[in-house]
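Structure assessment
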Amino acid sequence: MEKLKLLTMDHDWLSPILSGRLRPDEFGLDIEWTSGLLRAPVDASLSGGEGSLGGHNIRIDNGDRSLVAIPVYTARGFRHRSYVVREDSPLHTLAELKGKTIGIGNWSATGNTWSREALREAGVGSDEVTWVLEAEVHGAKVPASALRRSESSLALLRSGELDAVVSGDSFVQITEGLPPVRRLLPDFPQAEADYYHRTEAFPIHHVMLVRQDIFEREPTILRRLYDLLAEARRQWFVQRTEMEDTTPWMAWDVERALRLFGGSW
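Here is a short report on the structure shown in this document. All values derive from a computational prediction rather than experimental measurement.

What counts and what doesn't
Position labels on residues start from 1 in each chain and follow its written sequence. Local features in this predicted model are restricted to residues whose pLDDT is 70 or higher, and side-chain atom pairs enter the listing and the counts only when it is 80 or higher, whereas totals over whole chains, interfaces and linings include all residues. Hydrogens are left out, water is left out, and the side-chain values use all remaining heavy atoms of the structure. Here a strand is any run of E in DSSP of at least two residues, a helix any run of H or I of at least four, and the numbering for each starts at the N terminus. Atoms counted for the radius of gyration: C-alpha only. Globule rule: 2.2 Å times residue count to the power 0.38. Exposure is judged per residue with a 1.4 Å probe applied to protein chains only, and the accessible area is read against the type maximum: over 50% gives exposed, under 20% gives buried, and values in between give partly exposed. It only takes one pair of heavy atoms within 4.5 Å for two residues to be counted as in contact. All accessibility values rest on the Shrake-Rupley procedure with a 1.4 Å probe; residue burial counts only the protein chains present in the view. All tallies of charge rest on Lys and Arg as positive and Asp and Glu as negative; His and the ends of each chain are not included. In this description, the location of a charge corresponds to atom NZ of lysine, CZ of arginine, CG of aspartate or CD of glutamate. At least two DSSP bridges between two strands are required for those strands to pair. Orientation is described by axes fitted as lines to C-alpha atoms, over the contacting stretch for helices, and by angles from 0 to 180 degrees between their N-to-C directions. Contacts described as polar in this section are N or O atom pairs within 3.5 Å, which, within protein, must combine one atom able to donate a hydrogen with one able to accept it, while residues neighboring in sequence count only if both atoms come from side chains. Only protein atoms enter the 1 Å grid, on which a cavity is a set of points fitting a 1.4 Å probe that cannot get out and a pocket is an open set with protein on both sides within 12 Å along at least 5 of 7 lines, lining residues being those with an atom within 4 Å of a point. Grid points are joined across faces, edges and corners, and a volume is the space filled by probe spheres set on the points. Residue classes follow a fixed rule: Ala, Val, Leu, Ile, Met, Phe, Trp, Tyr, Cys and Pro count as nonpolar, while Asp, Glu, Lys and Arg count as charged, and any other residue, Gly among them, counts as polar.

**Digging into the overall build of the protein chain**
Each helix and strand counted, the protein chain has 8 helices and 11 strands in total. Its C-alpha radius of gyration of 20 Å places the protein chain within 12% of the 18 Å reference for a compact globule of 265 residues. In terms of its C-alpha atoms, the protein chain occupies a principal-axis envelope of roughly 60 × 45 × 35 Å. Here the protein chain holds 265 residues, and the buried ones make up 44% of them. Taking all contacts inside the protein chain whose residues are at least 6 apart in sequence as the whole, residues at least 24 apart take part in 76%. Counting only carbon and sulfur atoms, one obtains 52% of the accessible surface of the protein chain, whose full area is about 14,100 Å². Charge-centre separation for the protein chain: the mean point of 31 positive side chains lies 2 Å from the mean point of 39 negative side chains.

In structure tokens, the structure reads:
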């Protein structure tokens, strides 16, 4: 019997598997936690695991077929919320960022790619702003005009050298010790819902990857793994609707999301 060892981040929706309530009958499965995604694609001791969709696309583009992705999207999320400005900034829309200077971290990170897509969809091309990359953290095909600085983007925002920052920290505006900042779009849920209505795109960030040699040796295992993970997410969703609210208005938010997506997201 094939046994898979997968590396994933700590996702609530995996709880049916981790609790032992849901186990595969036709293959073995070990799940190891990680706080980063760099190891799963390169560690030969692993069967695979959670990986960046952007990173996977880059590997495919470079002719690397060592990993197979299955449509289990371990992380998804809209990115209009990622644009941060100083509290005293006169900017309030994505369109107003045209011609501005924006700090960004890893250029090829999937989340940052979706942030640039949100900007493009608002009418601002990547070549219509000046990008400032933190230190040497960047990916392929970075615009030649991009600047690199050793200081953090938030420090440059505080000093006034940047007009905005793309941040993957969901709570950056309330994190203790940071400069006074706010989201460019305070009502980001509405901005993201409007984006979904226009595009029907729910951004995918991470996918589940399995080594190609395992797929070649046991072709049906990808479907069986998919079925297991899909069932775990379904059971988790049912449990989620029966649990106490994580926030005082969690039930309202779940209802709103169900209406937006026409069912479970």
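There is more to say, and it comes next.
**Observations regarding the sheet that holds strand β7 (residues 130–134)**
One open sheet accounts for 6 strands, arranged β8-β7-β6-β9-β5-β10; its pairing is mixed. Only two strands of the sheet have a single partner each, and these edge strands are β8 (147–149) and β10 (181–183). Adjacent strand axes in the sheet meet at a mean angle of 30°, parallel and antiparallel pairs treated alike. Bridging between β7 and β8 involves 3 bridges; their strand directions are parallel.

**Comments concerning the environment of R224**
Tracing the backbone through its elements, the reader meets R224 in helix α7 (residues 221–242). In this structure the C-alpha to C-alpha distance between R224 and P24, which are 200 residues apart in sequence, comes to 8.3 Å. With sequence-adjacent residues up to four places away left out, R224 is seen in contact with E26, F27 and E218. Within polar-contact distance, the side chain of R224 engages the side chain of E218 at 3.0 Å.

**Things to note about the environment of L228**
Looking at where L228 falls in the secondary structure, it is placed in helix α7. For L228, a relative accessible area of 7% translates into the label buried. C-alpha separation for the pair L228 and R23, spaced 205 residues apart in sequence, amounts to 7.8 Å.

**So, the sheet that holds strand β4 (residues 67–76)**
Read across the open sheet, the 5 strands follow the order β2-β1-β3-β11-β4; overall the sheet is mixed. The two strands at the open ends of the sheet, each matched to only one other strand, are β2 (28–33) and β4. Strand-to-strand twist of the sheet, defined as the mean angle between neighbouring strand axes without regard to direction, takes the value 30°. Sheet topology note: the strand β1 (residues 3–8)/β2 ladder contains 6 bridges and is parallel. Paired with K3 across the strands is G28, a residue of β2. Sheet contacts for α7: β1, β2, β4 and β11 (204–211); angle to β4, the most-contacted strand, approximately 5°.

**Quick notes on unusual backbone geometry**
Here the phi dihedral of E200 falls at roughly 60°; this positive angle occurs in a residue that is not glycine. Topologically, E200 is positioned in the loop between α5 (188–199) and β11. For E200, a relative accessible area of 66% gives the class exposed.

**Points about the layout of surface pockets**
What the second largest pocket holds in volume is close to 300 Å³. Around the second largest pocket, the lining is made up of 14 residues, and of these G54, N57, I58, S108 and T113 lie nearest the centre. Breaking the lining of the second largest pocket down by element, the ones donating at least two residues are α2 (53–61) and α3 (110–121). Among the elements that line the lining of the second largest pocket, the one with the most residues is α2, at 5 residues. Classifying every residue of the lining of the second largest pocket gives 5 nonpolar, 6 polar and 3 charged.

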